[in-house]
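Spelled out, the chains give:
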Amino acid sequence: MSKPGLGITRNHRQQAQKALLDMFSSATGLPIGLYEVENGKLKGIFSDGSLDIFESHCQYIQQIPGGKELCQADHCNRAEAALNASDELLTLCHAGLYNQAVPIKVNGKTRAVVLYGEMQIEGEAYQTQSLENHQQVIQKLGLGQEQAEKLRHLLLGAKKYSPERLDEIKHFFPRVEEWFYIIMDEEDRLKSGVDRVTHDMQTRLQAIIANAENLVMELPWINTSEAQQMAREVLFSALALDTLVQNLGHYLEDYHFHKRPIGPLIYEAKRVYEAEAARRGIEIRIDLKEARDHPLEISRNHMQHALNNLVHNAVKYSFRSGYGRQRFVKIDGYPQKGHYVIEIKNYGVGILPEEIESGAIFRDGYQGQLTQGEYRTGSGKGLSFAHQVIQQHHGTIEVESRILSDKIEPEGEPHLTRFTLHLPYHQPQEKPKDG
């Protein structure tokens, strides 16, 4: 099902493309078209202004029965050749006029081809080839002598360009088009991010509303401990929603570091996402060593939201439990050389080595290449937020993700993924300023 507004957006983009093409036609006096692949087929977008400056030679051919169809097929063939070659080509049309075909590349990928020209090129070799194609089209269209002479006259009267002038022109428009596609990609990325965040927020709000409704309706008939448990479900759903909101902007207060044990924050993160884990048949297991005896100097709210994100990620990307298989998220903690180390492991969707090595997984809004599926939505901001918090605490975060089996499970290829945090016990003291 198509989403509301996408048709309008596509139309607006096409109008913007036509405006750019018109600017080029106006500046150069050359007709121009842009070819994109849409649903596996090559689709052309043409400048409105180009229609007014088509060569009389081309207009005459298109008035002849079968001429228009020949021209359209020829344009598509030459655009497709440039698209496949991914390189600029000086092409000669079926009727003897030259066109420049220039691919539009963004991040090394060819997105479209612009085809412009309808011209003669100065030089005997160019003219010889032009006249050969002219003879061929006369035969294809079955033209009589009078029509053939008129067509030749129009061909020789077409505008002429030198190869040097063409070199100047071909660097102008493609750069503008490249920026258009970059802006278009960024718009798509932002829209996709909004869709993911909206879905996540709706899901969490629905959980809060459902739990609150159950509490209101059942309160007269349940005991105190059951009421407390239902109230906790409402609270933890609200805290999960709060973490999502915090990821979207810098709403937390400034960092304030105080000595406190890390254990309660880890158990709090477990409580926030325990219900979601249970729905997926996943157990969250915690094993902390010497956490109470060695408090860390941390900014509590920031660290809490960072841990919430990391635990939620582990839950969200874990494979579900099923018959004969128990899935879990394992959180270990232990002291090591002036740091407290926290390992968060899960079994499920993996992370590609290049995503780890490049640091892409910590980029704001980034979605992992293997994280496909409706139940794995998110803003792509959680890991970025957690990474920033760990850095502010002068700690480090390491990632490992390795394939455990060649056997593909119903939810994909199984990986063991481990996020390892190294948090110093003490924050470095700022040196007093001189003077």
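Quick look at the structure, then.

**Some words on the nonpolar core**
In terms of nonpolar packing, the biggest core is built from 41 residues, with Ile262, Met303, Leu307, Ile331 and Ile342 touching the most fellow members. The element contributing the most residues to this core is helix H10 (residues 300–316), with 7 residues. Not counting the four nearest positions on each side in its chain, Leu307 is found in contact with Ile262, Leu265, Ile266, Ala269, Ile342 and Leu421. Counting residues in each nonpolar core, the second largest holds 23 residues, with Ile32, Tyr98, Tyr116 and Ile121 among its members.

**Observations regarding the side chain of Ser299**
Tracing the backbone through its elements, the reader meets Ser299 in the loop between strand S9 (296–298) and H10. Of note is the side chain of Ser299, whose polar atom sits 2.9 Å from the side chain of His302.

**Focus on the packing of aromatic side chains**
Under the defined criterion, the tally for this structure stands at 5 aromatic pairs. Geometrically, the ring pair formed by Tyr98 and Tyr126 is edge-to-face, given 5.7 Å between the ring centres and 85° between the ring planes. Highlighted residues: Tyr98 in strand S4 (residues 98–106) and Tyr126 in helix H4 (residues 124–141), separated in sequence by 28 residues. Ring centres of Phe319 and Tyr347 lie 6.0 Å apart, and the angle between their planes is 85°; this geometry places the pair in the edge-to-face category. With Phe319 in the loop between H10 and strand S10 (327–336) and Tyr347 in strand S11 (residues 339–348), this residue pair connects regions lying 28 residues apart in the sequence. According to the relative accessible area criterion, Tyr347 is buried, its value standing at 18%.

**What about helix H5 (residues 145–156)?**
Taking 1.5 Å per residue, 12 residues should reach 16 Å; H5 reaches 17 Å between its end C-alpha atoms and fits that length. Every buried residue of H5 is listed here: Ala148, Leu151, Leu154 and Leu155. With its buried residues spanning 125° around the axis, H5 presents them on a single face. Opposite its buried face, H5 presents the exposed residues Gln145, Glu146, Glu149 and His153, each directed more than 90 degrees away. Buried residues along H5 sit in contact with helix H2 (56–63), strand S5 (109–121) and H4.

**A look at the sheet that holds strand S8 (residues 282–288)**
Within a sheet, each strand pairs with its neighbour through backbone hydrogen bonds, oriented either parallel or antiparallel. Ordered in space as S8-S10-S11-S13-S12, the 5 strands form an open sheet in which the pairing is mixed. Looking along the sheet, the strands with just one partner apiece sit at the ends: S8 and strand S12 (396–403). Pairs of neighbouring strands in the sheet enclose a mean axial angle of 15°, with direction left out of account. In terms of strand pairing, S10 meets S11 through 8 bridges, oriented antiparallel. Each residue of the ladder has a partner; that of Tyr334, found in S11, is Val341. Across the face of the sheet, helix H9 (residues 263–279) comes into contact with S8, S10 and S11 while running at roughly 170° to S8. Across the sheet, H10 lies against S8, S10, S11, S12 and strand S13 (415–424), angled at about 25° from S11, the strand it touches most.

**Here we look at the side chain of Asn346**
Turning to its location among the elements, Asn346 is positioned in strand S11. Using a relative accessible area of 6% as the deciding quantity, one classes Asn346 as buried. One polar contact links the side chain of Asn346 to the main-chain carbonyl oxygen of Tyr317, over a distance of 3.4 Å. A polar atom in the side chain of Asn346 sits 3.4 Å from the side chain of Ser318. Residues contacting Asn346, with those up to four places away along its chain left out, are Ala314, Tyr317, Ser318, Phe328, Val329, His415, Leu416 and Thr417.

Parameters at a glance
- Residues numbered from 1 in each chain as written.
- Predicted model: local features only at pLDDT ≥ 70, side-chain atom pairs only at ≥ 80, totals over all residues.
- Heavy atoms only, no water.
- Core = buried A, V, L, I, M, F, W, Y, C linked by side-chain atoms within 4.5 Å.
- Buried < 20%, exposed > 50% of the residue type's maximum accessible area, 1.4 Å probe, protein only.
- Helix = DSSP H or I, 4+ residues; strand = E, 2+ residues; numbered from the N terminus.
- Contact = heavy atoms within 4.5 Å.
- Polar contact = N/O pair within 3.5 Å; in protein donor to acceptor, adjacent residues only side chain to side chain.
- Phe/Tyr/Trp six-rings, centres within 6.5 Å; stacked < 30°, edge-to-face > 60°.
- Expected span 1.5 Å × (residues − 1).
- Arc of directions from axis to C-beta.
- Pairing = 2+ DSSP bridges.
- Axes fitted to C-alpha atoms, helices over the stretch in contact; angles between N-to-C directions.

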